[in-house]
Amino acid sequence: MSARIHTYKTAHKTNRRDTAPLREFTARFATGEEIENWDKHVTANPNGGNMLQSAAYASVKNGNGWDVRFLVLESGGAASYNLVLEKKFPVLGRLWYLIKGPDVGTAADLKPALAACAEFVKAAKLNVFAIKVEPDIVDAPEVQPQLAAAGLVNAPNIQSNDSTALLDISAPENEVFRSISSRARNAIRRAEREGCEVVQREQGPETYRALYDLMADTVNAKGSMPLRSYEYYARFWDEFCDRGQGSFFFVYEDGKPSVGAFVINYGSKATYKDGGSTQNRKQYGDSHLVQWAAIRRMKELGCTEYDFCGTPPAARIKDKSHTLHGMGMFKTSFSKTVTDFVGCYDFVLAPVRHRLWVKGAERVFRRLETMRTGNQFY
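Report on the accompanying structure. (Residues numbered from 1 in each chain as written. Predicted model: local features only at pLDDT ≥ 70, side-chain atom pairs only at ≥ 80, totals over all residues. Heavy atoms only, no water.)

1. Quick word on the environment of Ala-315
- Along the chain, Ala-315 falls in the loop between strand E13 (305-307) and helix H11 (325-331).
- Sequence spacing of Ala-315 and Arg-296 is 19 residues, and the spatial spacing of their C-alpha atoms is 30 Å. (Helix = DSSP H or I, 4+ residues; strand = E, 2+ residues; numbered from the N terminus.)

Structure, rendered in structure tokens:
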């Protein structure tokens, strides 16, 4: 695949008292060679990339309500590779969704990086009215002024792991085991003692249907976020498994799957992406044992971080009214600390059209797409 390259440069200005070096970024579309080796480039990003920026995810989303673009930001000889999801709307023009990006080293890099994006889309006449961003930058008081300086406008979060439990799994296995809570350790030991076994299953329709049914069971019981279609998940799991980036883990009760999980290994990061279970199970500790088996396997595959993918924000982790309270309690039994990322923002390129978007156009288009396709908008 070939790509036409446009390159534009912007500088992050410093005042006379600022001794930091001038920070410059350029923005362009990736070359055919870079797209061909996309995952290699993304996992070398400043923050190690994210599975939602992967070639597998690009394949899932391309033509499924979105067009994909492969964007490269460069500064000082270093590059950041970012997946862009694009939608075109009547009157408004194009919306860019820089999913889990831009992947930059610090919050201070956001302003020059996004300014480079703005110059690029303007010069290339791409008619983008806003760029939706959600950088994997940990939220902190000192970060907020940087977001404001970049001209970012707060938007509702889209991804479930903007607040999440992260577990460092880089240490030897016995040290990782000691780092999790005594509650989780006891649950794992009891499940093993009582003969519970984790089975790793191969990709394929039977495995997909087994996990999907468990996910549906959980959603029906807990009333959490609605599931996408089986066809969407089957394609998602296929794309990651075909690249050696996905694993399925199950335990059984009375001969039937009772707990299941799909975990992604992408670069040094592992992500507990999908999971479900039957209700009123007899086996204590089975869910903890599934996660421990997944963690061990991810370590074998070279991962050093395990993302449990979604909890309430740190300030609400004990709030029983939060829809993710139960999941949060389970996941923080492995990692006591909740990590809050900065979340989702809009970088506005056309203020009038963006105002139309937030005042009602987004809501209308989301409703229309759900009615037309039955799928979630994002």
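2. Observations regarding the sheet that holds E13
- Taken in spatial order, the seven strands make up an open sheet running E9-E10-E11-E12-E13-E8-E14, and their pairing is mixed. Looking at strand neighbours, the two that pair on one side only are strand E9 (199-201) and strand E14 (338-340), the edges of this open sheet. In this sheet, neighbouring strand axes are inclined to one another by 35° on average, regardless of whether the strands run parallel or antiparallel.
- Note: strand E8 (residues 163-168) against E14, three bridges, orientation antiparallel. Note on E14: the bridge partner recorded for Thr-164 is Thr-339.
- Each of strand E10 (246-253), strand E11 (256-266) and strand E12 (269-277) touches helix H9 (residues 230-242); the most contacted strand, E11, lies at about 50° to it.
- Across the sheet, helix H10 (residues 286-300) lies against E8, E9, E10, E11, E12 and E13, angled at about 30° from E11, the strand it touches most. (Pairing = 2+ DSSP bridges. Axes fitted to C-alpha atoms, helices over the stretch in contact; angles between N-to-C directions. Contact = heavy atoms within 4.5 Å.)

3. Side note on the nonpolar core
- The biggest cluster of nonpolar side chains holds 48 residues, and the ones touching the most others in it are Tyr-57, Phe-236, Trp-237, Phe-262 and Trp-357.
- With eight residues, H9 is the largest single contributor of residues to this core.
- Beyond its immediate stretch of four places on either side in the chain, Phe-262 contacts Leu-211, Phe-236, Trp-237, Phe-240, Cys-241, Gly-246, Ser-247, Phe-248, Thr-271, Tyr-272, Lys-273 and Asp-274.
- With 31 residues, the next largest nonpolar core counts Ala-107, Ala-113, Leu-126 and Leu-152 among its residues. (Core = buried A, V, L, I, M, F, W, Y, C linked by side-chain atoms within 4.5 Å. Buried < 20%, exposed > 50% of the residue type's maximum accessible area, 1.4 Å probe, protein only.)

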